[in-house]
Amino acid sequence: MPVRTERQGPVTTVILSRPEVRNAVDGPTAAALADAFRAFEADPDAHVAVLWGEGGTFCAGADLKGIGEGRGNRVAPGGDGPMGPTRMRLTKPVIAAVAGHAVAGGLELALWCDLRVAEQDAVFGVFCRRWGVPLIDGGTVRLPRLIGTSRAMDLILTGRPVDAAEALDIGLANRVVPTGEARRAAEELAADIARFPQACLRGDRMSVLEQDGLAEADAIAGELKHGMNALHEAVEGAARFAAGLGRHGDFTEI
Ligand SMILES: CC(C)(COP(=O)([O-])OP(=O)(O)OC[C@H]1O[C@@H](n2cnc3c(N)ncnc32)[C@H](O)[C@@H]1OP(=O)(O)O)[C@@H](O)C(=O)NCCC(=O)NCCSC(=O)C[C@@H](O)C[N+](C)(C)C
């Protein structure tokens, strides 16, 4: 099974498991990844997902051997991405737990996630530059939005490796943790996020995602729309505050 899912309360961990090819994604693996995230999205008790690659590597991108033999991943307009879930807009957050390499399509998978927790020896990069395989899983769109056009163009044109320290510095990684700790740290972060009232959190997240390409006034109108959908939580949350709960950053009691 190239993909499996484990569940701890509201946290779902999707595990990419083809360590013998550094978790390179072929067609069946892409389909299994997409299905795993569809199942996460449909499960009302699952709040936050973690995407982790087994065997010390996040993902070496698309399966180059398959591409070389004419068995490239399916590229269908309107369908799933060649790497699987990269064209889905989930209503819930996903965190990439990056050990080893997150390169080419593996970088695109990490960019699709909301947050990236990287091990200190993790490496990111547009390694597909070497083979003439294009970024068509959102990489040319999400990378500049995340780190800015100038930095993204450097990485896209040179295909150079980016270590964890630089990734943190340029905002590609959100946290850097010791080697071997990415999954645990990402799951802890996911559990922290899963504790909050979810309608408000999902609305604020969606406001961030939807504003790309919108004029400021339209983006602010979108923010209002998502915020109003979660007002019931605001009333409940304000009542908890008035009762003296959750003050001074102690979120465990809310
Ligand atoms: C990741 C890596 C740095 C790890 O190095 P390592 O020293 O730890 O491991 P290795 O010895 O190089 O590889 C171990 C095994 O893993 C296989 N492997 C590694 N990456 C692979 C890959 N991408 N496809 C198929 N097999 C891959 C190797 O061939 C090898 O198999 P073998 O034991 O049978 O020789 C190194 O393997 C590497 O550079 N791999 C290639 C990465 C790369 O360039 N990927 C580009 C893929 S194209 C791409 O993803 C772009 C994407 O947008 C395309 N699409 C839109 C279609 C999705």
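The paragraphs below set out a description of the structure included in this document. Quantities reported herein were computed from a predicted structural model and do not represent experimental measurements.

Parameters at a glance
- Counting restarts for each chain, with residues numbered from 1 along the sequence as it is written.
- Local features in this predicted model are restricted to residues of pLDDT 70 or higher, and side-chain atom pairs are both shown and tallied only at a pLDDT of 80 or more, whereas totals for entire chains, interfaces and linings draw on every residue.
- Excluding hydrogens and water, the side-chain figures rest on all heavy atoms present in the structure.
- It suffices for a single heavy atom of a residue to lie within 4 Å of a molecule or strand for the residue to be listed as near it.
- The definition of a polar contact used here is a pair of N or O atoms within 3.5 Å, where within protein one atom must be able to donate a hydrogen and the other to accept one, and adjacent residues in sequence count solely through side-chain atom pairs.
- For accessible areas, the Shrake-Rupley method is used with a probe of radius 1.4 Å. Any residue's cover is judged against the shown protein chains and nothing else.
- A run of H or I in DSSP counts as a helix once it spans at least four residues, and a run of E counts as a strand once it spans at least two, with each numbered from the N terminus.
- Throughout this entry, Asp, Glu, Lys and Arg are counted as charged residues, while Ala, Val, Leu, Ile, Met, Phe, Trp, Tyr, Cys and Pro are counted as nonpolar. The remaining residues, Gly among them, count as polar.
- Axis geometry follows a simple rule: fit a line to the C-alpha atoms, using only the stretch in contact for helices, then measure angles between N-to-C directions, giving values from 0 to 180 degrees.
- An angle below 35 degrees is treated as roughly parallel, one above 145 as roughly antiparallel, one from 65 to 115 as roughly perpendicular, and anything else as oblique.
- Should the near helix be turned counterclockwise from the far one by less than a right angle, the crossing is left-handed, whereas a clockwise turn marks it as right-handed.
- In what follows, a contact means two residues having at least one pair of non-hydrogen atoms within 4.5 Å.
- Only protein chains enter the accessibility calculation, which uses a 1.4 Å probe; a residue is then buried when its area is under 20% of its type maximum, exposed when over 50%, and partly exposed in between.

### Examining the site of the ligand
Alright, step 1. Every one of the 25 residues lining the ligand counts as a neighbour, but Ala 62, Leu 64, Gly 105, Glu 108 and Trp 131 are closest to it.
Alright, step 2. Between the ligand and Gly 105 there is a distance of 2.8 Å, counted from an oxygen atom to a backbone nitrogen or oxygen.
Alright, step 3. Contact with the protein chains removes 70% of the 1,100 Å² of surface that the ligand exposes when unbound.
Alright, step 4. Elements with a contribution of two residues or more to the shell around the ligand: helix H2 (64-68), strand S5 (101-103) and helix H3 (105-112).
Alright, step 5. Its residues assigned to classes, the shell around the ligand comprises 16 nonpolar, three polar and six charged.

### Quick notes on the packing of H3 against helix H4 (residues 139-147)
Alright, step 1. The N-to-C vectors of H3 and H4 enclose an angle of 55 degrees; their axes lie 9 Å apart at closest approach. By the angle between their axes, H3 is oblique relative to H4. The handedness of the crossing between H3 and H4 is left-handed. Side by side, H3 and H4 meet where Glu 108, Leu 111 and Trp 112 of the first sit next to Gly 139, Arg 142, Leu 143 and Leu 146 of the second.
Alright, step 2. Looking at the contact of H3 with H4 residue by residue, the classes come out as four nonpolar, one polar and two charged.

### A short note on the side chain of Ser 17
Alright, step 1. For Ser 17, the location among the structural elements is in the loop between strand S2 (11-16) and helix H1 (27-42).
Alright, step 2. By relative accessible area, which is 16% here, Ser 17 ends up buried.
Alright, step 3. In this structure the side chain of Ser 17 is engaged in a polar contact, spanning 2.6 Å, whose partner is the side chain of Glu 54.

The values reported here are purely geometric and, on their own, carry no functional implication.
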